[in-house]
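Structure assessment
Given next are the chains, with one letter for each unit.
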Amino acid sequence: MKKLITLVFLCFSIHLIAQEAPKMVTINGKVVEKKSSTPLEFATITFLNSSDNKIVAGTITDAKGNFSVKIATGKYTIKVEFIGLKSIQLENIDLQSNQTLSTFFLEEESTQLENVEIKLEKSTIEHKLDKKIFNVGNDLISKGGTANDILNNVPSVRVTADGAVTLRGNSGVRILINGKPSVLTANNGLEQIPSENIEKVEVITNPSSKYDSEGTAGIINIVLKKNKTKGFGSSVQITTGIPDNHALGYNVNYKNKKINLFSDLRYRYVNFIRNESSTRTNFASDSSVDSYLEGIVDRNRINKTFTLYFGGDYYFNDKNMLTLSYFYRNNNAKNSVDYDFNYWDENRTLERIFKATEDYREPQIANQIELNYIKTFAKEGQKFTINLQYDFWNDDENESIVEQEVFPAISAITALKSRDIESSKDVLFQSDYSIPFSEKSKIELGIKGEIRRINSDYESFENNTPIDSLTNLLRYNERILGAYVQYGSALKKLNYLLGIRMENSNTGSDDKINLFNIKKRYTDFFPTAHFTYEYNSIFTFQLSYSRRISRPGFWQLNPFGGIANRRNIRIGNPDLNPVYTDSYEFGTLLKWKKFTFNPSVYHQFSKNTFEDIRFTNSDGNLVEQSINSGTENRIGGEISINYSPLKWLTLSGEMNYYSFEQKGVFDVTGKGFTARHSSRIKHLTWNFQTNLNYQGATKSGQVDSKSEYSFDVAIGKDIWGEKATITLKADNIFDSLISRGIVTGTDYNLDYYIRYSVPRVTATFTYRFNRKKSDRDRLPD
């Protein structure tokens, strides 16, 4: 009897244990879009109990469309969903062992919901832990514009009217084209890159050691379009607008199993209108008002830009590819500027009036030759690349100014002329190798070298007499050699990536008349660390650290500026040192069905920060120069949200708030706030989009600026079975892109007003030959 009771108890215990600890299995799978075989990221996979239809487990796919979930053995209903596509449901699937399910192919759904037809497309903004991705193809606001227009719509990024790019309010940002520095970004070159050439923009606020250490604020990587469609295809695009914004572009490519030939030809004529005014209050030694100077400046700039790009890929086999390409850009800028200067005494009695006109011409020619080799291996993830790049450009700046005093008496005319011929040659070599050890572990290493030489040959004349103090030749040389290694692996749910980068910098600048001869040599190490913990398939967080550097740009070093406005002079500082920054960031990412939430906090500590100091010279004119001002401690928080409450409506927004403390030449504490909101509506073959951008008031160095905002709207329609698209957009419709503020010096205050741009209306027509809207062009790698 005891044996029977023991046996019954033992069987009952085993039954309880079996109930408490069910057998777990791992189920893997992949989800792709059927028509294009494109992997679908963020597709939702749900496992429901077949008996009661209750949800047991769920997950979402990664960037390659793959998913993996652990689940108890049993029979399940498996449901696969993606916005805009027909869902798939498998009934009564018996899962008893680890297995990989057959690939799920989702199709477009042609049904209508409230008269709205849904079509597959990527989200305009994709949030990942290490970067944000802005997909340009879905952004109507950028149609017919330039790279600058696109960047002004990218989360955390802002471009000033002068072409300066900031990331989270920090100007120390590195701009890359397809992961590499490029001549396309030189001399405000982003303004000459058509938006139609850009596929997406990646914003990386804390890069790993694989990337250049340049850029204390982070990296913005502009990815240009690539063709993935076999056969022949081409497209033509026509743009017109008010004020003048006219463009014509043609793209053609051919691809088969062995070759991919591509070319792109574009011309653009655009007119920019800008108005400025300022009032400078000058103080005597006892701080009483000494005098006033009022300035009014009206600028009218015309850019004529021609770009040509062609090249080809050759596929030796499925694991070896060689690419050779050539890019040419010819930009001719012409400025017409009117200046009015009114001098008042301390009692606001008008004493003198000066008037001046400027004719400015700047032809630019830029060239880039690139050779790439890519080798992949049988082992997934193993990859070897070599890149050779040669950039060379020429920039010829010509100023002609006529100045005259018209009150209290009319004086003789003063004629000023200047010419600055800048030229650069830049050679780049880069090689990277990625070696996976297992599914979760890999090592990456690489080397890079960049040699750059720039000359600036400057001469100036007053009434045809040379101005010796402003005539010179600046020579600048830069050589940067770098190498990196990083190791990544995982411990259960914790993924980590540890790296170190070494860079040796050798720079030198001297001039023809021996005013200076400055050489700087330094070797630096830049460690990086990234830790990612995946709590579940919906919620993840990351902690990261990187050490960064910002070397001074040539425009900050060149001491020979223009002479158009001698009352507000800009000069360079050839003795600038680089800025070093330690950057820490903690971020979380929540993704579930229609909602993405990405908050983060960050801390940056910088040494040798760049600031512009403004002072009055012996002639009473205002001089502006870059200096190393000291240290800056910056703490901030950022929130990005993407939400699709309805299949035809997508809402996205982001807010960034930071506070900072500067110590050194300027002891300043301040704060900054930026916000952006975008809404997109799809209705049958129609698309509608609005963008609202807000820049809060901020203070830095001597400048205290007020807030500004802009509102843009666009509408687009596909016609002729997606063979053609018409887009109409209006930028800055409330004429609110106006910068106001005050500059405080030791013996003056300057109140300024800058109207960057008038409202613009642009229409764009695109027609596609032998291709559809979803097909992409092939442009520089």
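Everything here concerns the structure above.
First, a word on what this report is: a plain description of the structure on this page.

Some points on the side chain of Gln-364
Tracing the chain through its elements places Gln-364 in strand E24 (residues 350-376). The buried category is assigned to Gln-364, whose relative accessible area is 7%. Polar contacts involving the side chain of Gln-364 include one to the side chain of Glu-362, which spans 3.1 Å.

Quick word on the pairing of strand E47 (residues 748-755)
Walk down a regular strand and you will see the side chains alternate between the two sheet faces. Relative to E47, strand E21 (residues 259-283) is paired through eight bridges, and the arrangement is antiparallel. Counterpart to Ser-277 in the pairing with E47 is Tyr-753. Linking two consecutive strands that pair antiparallel, namely strand E46 (residues 738-744) and E47, is a turn of three residues.

Side note on the sheet that holds strand E36 (residues 610-616)
With respect to topology, three strands assemble into an open sheet ordered E33-E37-E36, the strand pairing being mixed. Sheet topology places strand E33 (568-571) and E36 at the edges, where each strand pairs with a single neighbour. Pairwise comparison of adjacent strand axes, ignoring direction, gives a mean angle of 30 degrees for this sheet.

Details of the environment of Ser-679
Checked against the element boundaries, Ser-679 lands in strand E40 (residues 668-683). Between the alpha carbons of Ser-679 and Val-713 there is a distance of 9.7 Å; along the sequence they are 34 residues apart. With sequence-adjacent residues up to four places away left out, Ser-679 is seen in contact with Thr-650, Leu-651, Phe-688, Gln-689 and Thr-690. A polar side-chain atom of Ser-679 sits 2.6 Å from a polar atom in the side chain of Thr-690.

Here we look at the packing of aromatic side chains
The description of two aromatic rings rests on the distance between their centres and on the angle between their planes. The final tally for this structure, using the stated rule, is 27 aromatic pairs. Centroid distance Tyr-309 to Phe-327: 6.2 Å. Interplanar angle 45 degrees. Geometry classified as tilted. In this pair, Tyr-309 is assigned in strand E22 (residues 289-317) and Phe-327 in strand E23 (residues 320-345), connecting sequence segments 18 residues apart. Classification of Tyr-309 as buried rests on a relative accessible area of 2%. Take Phe-327: its relative accessible area is 9%, and that puts it in the buried class. A network of ring pairs unites the aromatic residues Tyr-533, Tyr-535, Phe-539, Phe-541 and Phe-586 as a single cluster. Looking at Arg-348, its charged tip hangs above the ring of Tyr-292, at a distance of 4.0 Å from the centre. In this structure, Lys-493 packs its charged tip against the face of Tyr-535, placed 5.9 Å from the ring centre.

Notes on unusual backbone geometry
Geometrically, the link from Ile-242 to Pro-243 is a cis peptide bond, its omega value of -10 degrees lying close to zero. Along the polypeptide, Pro-243 turns up in the loop between strand E19 (231-242) and strand E20 (245-255). Residue Pro-408 is reached from Phe-407 by a cis peptide bond, and omega for that bond is 10 degrees. Turning to its location among the elements, Pro-408 is positioned in the loop between strand E25 (383-407) and strand E26 (414-436). At Asn-514, a residue that is not glycine, the phi angle is positive and equals roughly 60 degrees. Mapping Asn-514 onto the fold places it in the loop between strand E30 (494-511) and strand E31 (517-534).

Observations regarding a nonpolar patch on the surface
A contiguous nonpolar patch, built from Tyr-314, Phe-316, Leu-322, Leu-324, Ile-369, Leu-371, Leu-388, Tyr-390, Val-427, Phe-429, Ile-447 and Ile-451 and spanning about 980 Å² of accessible area, is present on the exposed surface. In this structure, Ile-447 sits in strand E27 (residues 442-462).

A few points about the nonpolar core
Leu-151, Val-165, Ile-198, Val-201, Ile-220 and Ile-222 are the most contacted members of the largest nonpolar core, which has 22 residues in total. Of all the elements in the fold, those that place two or more residues in this core are helix H2 (147-151), strand E14 (157-159), strand E15 (165-167), strand E16 (173-177), strand E17 (198-204) and strand E18 (218-224). The residues touching Val-201, leaving out its near neighbours within four places in the chain, are Lys-132, Ile-133, Phe-134, Ile-150, Leu-151, Val-154, Ile-220, Asn-221 and Ile-222.

Overview of the pattern of salt bridges
A complete count under the given rule lists 29 salt bridges for this structure. Ionic pairing is found between Glu-444 and Lys-210, a salt bridge with its closest N-O pair at 3.5 Å. Taken as a pair, Glu-444 in strand E27 and Lys-210 in the loop between E17 and E18 lie far apart in primary sequence, 234 residues in all. For Glu-503, the salt bridge identified is with Arg-501, shortest N-O distance 2.9 Å. By relative accessible area, Arg-501 is classed as buried at 3%. A single salt-bridge network, built from bridges that share partners, covers Arg-174, Asp-212, Glu-214, Lys-448, Arg-501, Glu-503 and Arg-551.

Conventions used here
- Residue numbering note: each chain is counted from 1, following its sequence as written.
- Confidence filtering applies because this is a predicted model: local features only for residues at pLDDT of at least 70, side-chain atom pairs given and counted only at 80 or more, and all residues used for totals across whole chains, interfaces and linings.
- Side-chain measures here rest on the full set of heavy atoms in the structure, leaving out hydrogens and waters.
- A helix here means a DSSP run of H or I that spans at least four residues, while a strand means a run of E at least two residues long, and both kinds are numbered starting from the N terminus.
- Burial classification: accessible surface area is computed with a 1.4 Å probe over protein chains only, and a residue below 20% of its type maximum counts as buried, one above 50% as exposed, and the rest as partly exposed.
- Identification of polar contacts relies on pairs of N or O atoms within 3.5 Å, with a donor-acceptor requirement for protein atoms, meaning one able to donate a hydrogen and the other able to accept it, and with residues adjacent in sequence counted only if both atoms are side-chain atoms.
- Between any two strands, at least two bridges found by DSSP are needed for them to pair.
- With axes taken as lines fitted to C-alpha atoms, and helix axes fitted only over the stretch in contact, angles between N-to-C directions fall between 0 and 180 degrees.
- Only heavy atoms matter for contacts: two residues are in contact if any of them lie within 4.5 Å across the pair.
- Here a Phe, Tyr or Trp ring, Trp counted by its six-membered ring, pairs with any other such ring whose centre lies within 6.5 Å, and the pair is stacked when the planes are under 30 degrees apart, edge-to-face when over 60, and tilted otherwise.
- Two thresholds decide whether a charge sits over a ring: the Lys NZ or Arg CZ must be within 6 Å of the ring centre and within 35 degrees of the ring normal.
- The residues that make up patches have over 30% relative accessible area and no salt bridge, and they are joined within 9 Å when like-charged or within 5 Å when they are Val, Leu, Ile, Met, Phe, Trp or Tyr.
- We get accessible surface area from the Shrake-Rupley algorithm with a probe of 1.4 Å; when it comes to residues, only the shown protein chains can shield them.
- Take a side-chain nitrogen of Lys or Arg and a carboxyl oxygen of Asp or Glu: if they are within 4 Å of each other, that pair is a salt bridge.
- Definition of nonpolar core: a set of buried residues of the types Ala, Val, Leu, Ile, Met, Phe, Trp, Tyr and Cys, connected through side-chain atoms within 4.5 Å.

Purely geometric numbers; function is a separate question.
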